[in-house]
Amino acid sequence: MAEDLKVDLELDLKGLLCPLPMVRVSQNITKVPVGGIIRAVATDLGSLADIPSWARTTGNEVVKTERVDKEIIFYVKRLK
Amino acid sequence: MDEKAQKTIAGVLDKRMNRQLLYYLDICTRCSICKDACHQYVTTGDVLYLPAYRAEIIRRVYKKYFTRSGKFYPALSEGSEVDEKLLDELYKTTYACTGCRRCMYYCPFSIDTTWFMAVAKAMLITAGRGSQILAELAGAAVIKGESIDLFKDIIIEMLKDTEKELQERVGNPKANIPIDKKGADLLYVALAGTHTILPAAVIFHQAKANWTLSMFEAANYGYFLGDVKQAVAIAKRIIDEARSLEVKEIVITECGHAYRVMQFLYEAWAKEKLPFKIRGIVELMAEYIKQGKINLTQDKIKEPLTYHDPCQVGRNAGFYEEPRYIINQVAADFREMTPNREKNWCCGGGGGLVAQPDLDDFRIKTGEIKVEQIKKTGARIVVSPCENCRLQLDSLNEKYNMGIQITSIMDLVANAITI
Ligand code: SF4
Ligand code: SF4
């Protein structure tokens, strides 16, 4: 559950269009420690496929995705 | 850096060498006409961004490694060794170039700086110094292509809300957004997200088009990265989809580089002839209007409106009249920027710059000329059929407090359609 996840950094990506949600997550991933989690809130539906694909290509992990109304909330774990 | 690594990196230049590039290397007279053509040099005054200097870095490598004087009399050859300093300079100048080709338009010998930039990117990638963020974005697109079954449900889910909006917009509960439709006439390739799907769906619905939506986004970050293999892999996802659905044509959304990759570059890169037509949606919309397949309201937009020719759509692909034809159907007060068409200034956001955060300040600074051009028209609305341009114009609007609205041609048409 999301409540169990300790979030190290919050990112507000609302209103940003592709590729900016991916770019912002990439830019910030090294700001959390290895094992740390970014909670990123986006509204661009394209990010539903883009951010998990980005995570796989960079060797990180989307550990949870939630949808609350128009918001998509990603919990991205830094793995390396 | 050891000699072997230096030779491997310089060897990329040798592999890419052809008559055209040799001609470019030889013919430049250092007349400097290109300095006034490049928005980046004009706004920064930094020699690193002078088109002829960008080429000069490559020329020096050529002189050092591939001429007799470079090999035997290095002190006299004006050649440069491939070292970290040269790669730093190459990185800065290369990934900053928007590929707008305004320099080529004004050069008396039509020297195409983007050819040098393509070689430079290949050298940087070989050196392990390609743009990291562009590599990540290209990698993500390839992964999405390889695991599309994993993402299919997500895409279908995403389309449900958009389909509802479509039904409301066109007043038809049966209106839909088809995917995977075998035998459709056209495969429409949108951008990630839904903002380029909904207006297109409204237009296709009204035109009674037999269409299907691609699972993949049009953007190609492999192209911006300068990695031809990745660029082909990204484009091939769409080509394979079009083949399996047996469509007659691929229609690319308003995205300049995506259109160019599919229309002008893919066949040469992949060494295959495509069995279907490639078109941009602007061309198709103009056709629909001319053929009366869609009808537009006579109540035209009254606010002053201007058009930004995206470099990849205008100067680099030759589409000038179709967008203007459409705009004149929907806007009462269309004002041209000066200069326009092939002489238009780059907005500063192309070439993948909008996706490179380390260039954010640079692209805002180098967008100054575009800001002035827009201001001089007095327009309140700026239309441009390229996502990169629109993202850049959005940034300029915010940073320079312009108070304008930025939109696509598709949105103008979808809003003007009489249902
Ligand atoms: S292609 Fe455009 S950005 Fe690049 S050097 Fe030429 S004018 Fe400048
Ligand atoms: S305009 Fe052409 S010939 Fe003149 S300096 Fe620039 S690249 Fe060289």
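To start, this report covers the structure provided alongside it. For clarity, every value in this text was computed on a predicted model and none was experimentally measured.

1. Comments concerning the overall build of chain A
Working step 1: Helices and strands together make up the secondary structure of chain A, namely two helices and four strands.
Working step 2: Its helices and strands in sequence order give chain A the pattern β-α-β-α-β-β, from N to C terminus.
Working step 3: Against the 2.2 N^0.38 benchmark of 12 Å for 80 residues, chain A shows a C-alpha radius of gyration of 11 Å, consistent with a compact globule.
Working step 4: Dimensions of chain A along its principal axes, counting C-alpha atoms only, are 30 × 25 × 20 Å.
Working step 5: Burial status across chain A gives 51% buried among its 80 residues.
Working step 6: One finds the centroid of the 12 positive side-chain charges in chain A at a distance of 6 Å from the centroid of its 11 negative side-chain charges.

2. Here's the deal with helix 4 (residues 51–66) of chain B
Residues lying three or four places apart along an α-helix face the same way, a consequence of the helix completing one turn every 3.6 residues.
Working step 1: Taking 1.5 Å of rise per residue, 16 residues should cover 22 Å, and helix 4 of chain B covers 22 Å from first to last C-alpha, within 8% of that figure.
Working step 2: Counting buried positions over the 16 residues of helix 4 of chain B gives 14, a clear majority of the element.

3. Section: the packing of helix 11 (residues 198–206) of chain B against helix 15 (residues 281–290) of chain B
Residue and element names in this part refer to chain B.
Working step 1: Where helix 11 contacts helix 15, the axes come no closer than 11 Å and their chain directions differ by 30°. The two elements helix 11 and helix 15 cross, and the hand of that crossing is left-handed. Taken together, the residues of helix 15 that come into contact with helix 11 (itself represented by Ala200, Ile203 and Phe204) are Ile281, Leu284, Met285 and Tyr288.

4. Points about the site of ligand 2
Working step 1: As a structural note, the neighbourhood of ligand 2 is formed by B:Cys28, B:Thr29, B:Arg30, B:Cys31, B:Ser32, B:Ile33, B:Cys34, B:Ala52, B:Cys107, B:Pro108, B:Phe109 and B:Ile111.
Working step 2: Split into classes, the residues belonging to the shell around ligand 2 amount to nine nonpolar, two polar and one charged.

5. Section: the side chain of B:Arg315
Residues and elements named next belong to chain B.
Working step 1: By secondary structure assignment, the location of Arg315 is in the loop between strand 5 (305–307) and helix 16 (321–330).
Working step 2: Despite its burial, Arg315 remains without a salt bridge, the nearest opposite charge being carried by Glu342 at 7.8 Å.
Working step 3: Within the local environment of Arg315, its side chain forms a polar contact with the backbone oxygen of Asn344, the two atoms lying 2.7 Å apart.
Working step 4: In this structure, Arg315 is in contact with Cys100, Arg101, Arg102, Tyr105, Pro310, Tyr320, Arg341, Glu342, Lys343, Asn344 and Cys346, ignoring residues within four places of it in sequence.

6. A word on the site of ligand 1
All names here are of chain B.
Working step 1: The local shell around ligand 1 consists of Cys38, His39, Gln40, Pro51, Arg54, Cys97, Thr98, Gly99, Cys100, Arg101, Cys103 and Thr113.
Working step 2: If you list the elements that add at least two residues to the shell around ligand 1, you get helix 3 (39–44) and helix 4.
Working step 3: Looking at side-chain class alone, the shell around ligand 1 contains five nonpolar, five polar and two charged residues.

7. Some details on the pairing of strand 3 (residues 249–252) of chain B
Residue and element names in this part refer to chain B.
Working step 1: A two-sided burial pattern is seen for strand 3, the buried positions comprising Glu249 and Val251 on one face and Ile250 and Ile252 on the other.
Working step 2: Relative to strand 3, strand 1 (residues 186–189) runs parallel, the two sharing four bridges. The partner of Leu187 across the bridge, within strand 3, is Ile250.
Working step 3: Taken together, the four bridges between strand 3 and strand 4 (residues 277–280) define a ladder with parallel strand orientation. The residue bridging Ile252 from the neighbouring strand is Gly280, located in strand 4.

8. A short note on the packing of helix 1 (residues 20–28) of chain A against helix 9 (residues 132–146) of chain B
Working step 1: Taken N-terminus to C-terminus, the directions of helix 1 of chain A and helix 9 of chain B make an angle of 125°; their axes are 11 Å apart at the nearest point. With respect to each other, helix 1 of chain A and helix 9 of chain B are oriented oblique. Note that helix 1 of chain A runs across helix 9 of chain B; the crossing there is right-handed. The residues of helix 9 of chain B that touch helix 1 of chain A, namely those facing A:Met22, A:Val23 and A:Ser26, are B:Ile133, B:Glu136, B:Leu137 and B:Ala140.

9. Describing the nonpolar core
All names here are of chain B.
Working step 1: By size, the foremost hydrophobic cluster in this structure holds 154 residues, and its most contacted members are Tyr188 and Ile250.
Working step 2: If we skip the residues at most four places from it in the chain, Tyr188 touches Thr196, Ile197, Ala200, Phe204, Trp211, Thr212, Leu213, Ser214, Val251, Thr253, Ile281 and Met410.
Working step 3: Of all hydrophobic cores here, the second largest spans 13 residues; its members include Cys347, Ile374, Cys389 and Met402.

10. Notes on the pairing of strand 4 (residues 71–77) of chain A
Residue and element names in this part refer to chain A.
Working step 1: Counted residue by residue, strand 4 has five buried out of seven residues, so it is predominantly covered.
Working step 2: Relative to strand 4, strand 2 (residues 37–42) is paired through six bridges, and the arrangement is antiparallel. In the sheet register, Ile37 faces strand 4, and the bridge partner there is Lys77.
Working step 3: Taken together, the seven bridges between strand 3 (residues 61–68) and strand 4 define a ladder with antiparallel strand orientation. Note that in strand 4 the partner of Lys64 across the bridge is Tyr75.

11. With respect to the layout of surface pockets
Working step 1: Considering only enclosed or pocket space, the largest pocket measures out at about 680 Å³ in volume.
Working step 2: Lining the largest pocket are 30 residues; nearest its centre among them are B:Thr114, B:Trp115, B:Ala118, B:Tyr223 and B:Trp269.
Working step 3: Elements supplying a minimum of two residues to the lining of the largest pocket: helix 8 (113–126), helix 12 (221–225), helix 13 (228–245) and helix 14 (256–270) of chain B.
Working step 4: The element contributing the most residues to the lining of the largest pocket is helix 8 of chain B, with six residues.
Working step 5: When grouped by side-chain class, the residues that make up the lining of the largest pocket number 14 nonpolar, 10 polar and six charged.
Working step 6: Here the second largest pocket is characterised by a volume of approximately 410 Å³.
Working step 7: Lining of the second largest pocket is provided by 15 residues; of these, A:Leu16, A:Leu20, B:Leu391, B:Ser395 and B:Glu398 occupy positions nearest its centre.
Working step 8: Listing elements by their share of the lining of the second largest pocket, those giving two or more residues are helix 1 of chain A together with helix 17 (360–365) and helix 19 (387–399) of chain B.

What counts and how
Residues numbered from 1 in each chain as written. Chains lettered and ligands numbered in written order. Predicted model: local features only at pLDDT ≥ 70, side-chain atom pairs only at ≥ 80, totals over all residues. Heavy atoms only, no water. Helix = DSSP H or I, 4+ residues; strand = E, 2+ residues; numbered from the N terminus. Rg over C-alpha atoms; globule rule 2.2 N^0.38 Å. Buried < 20%, exposed > 50% of the residue type's maximum accessible area, 1.4 Å probe, protein only. Lys, Arg positive; Asp, Glu negative; His and termini not counted. Charge placed at Lys NZ, Arg CZ, Asp CG, Glu CD. Expected span 1.5 Å × (residues − 1). Axes fitted to C-alpha atoms, helices over the stretch in contact; angles between N-to-C directions. Left-handed = near helix turned anticlockwise from the far one by under 90°. Contact = heavy atoms within 4.5 Å. Near = heavy atom within 4 Å. Nonpolar A, V, L, I, M, F, W, Y, C, P; charged D, E, K, R; others polar. Salt bridge = Lys/Arg side-chain N within 4 Å of Asp/Glu carboxyl O. Polar contact = N/O pair within 3.5 Å; in protein donor to acceptor, adjacent residues only side chain to side chain. Pairing = 2+ DSSP bridges. Parallel < 35°, antiparallel > 145°, perpendicular 65-115°, else oblique. Core = buried A, V, L, I, M, F, W, Y, C linked by side-chain atoms within 4.5 Å. 1 Å grid on protein atoms, 1.4 Å probe; cavity = no way out; pocket = protein on both sides within 12 Å on 5 of 7 lines; lining within 4 Å. Points joined across faces, edges and corners; volume = space filled by probe spheres on them.

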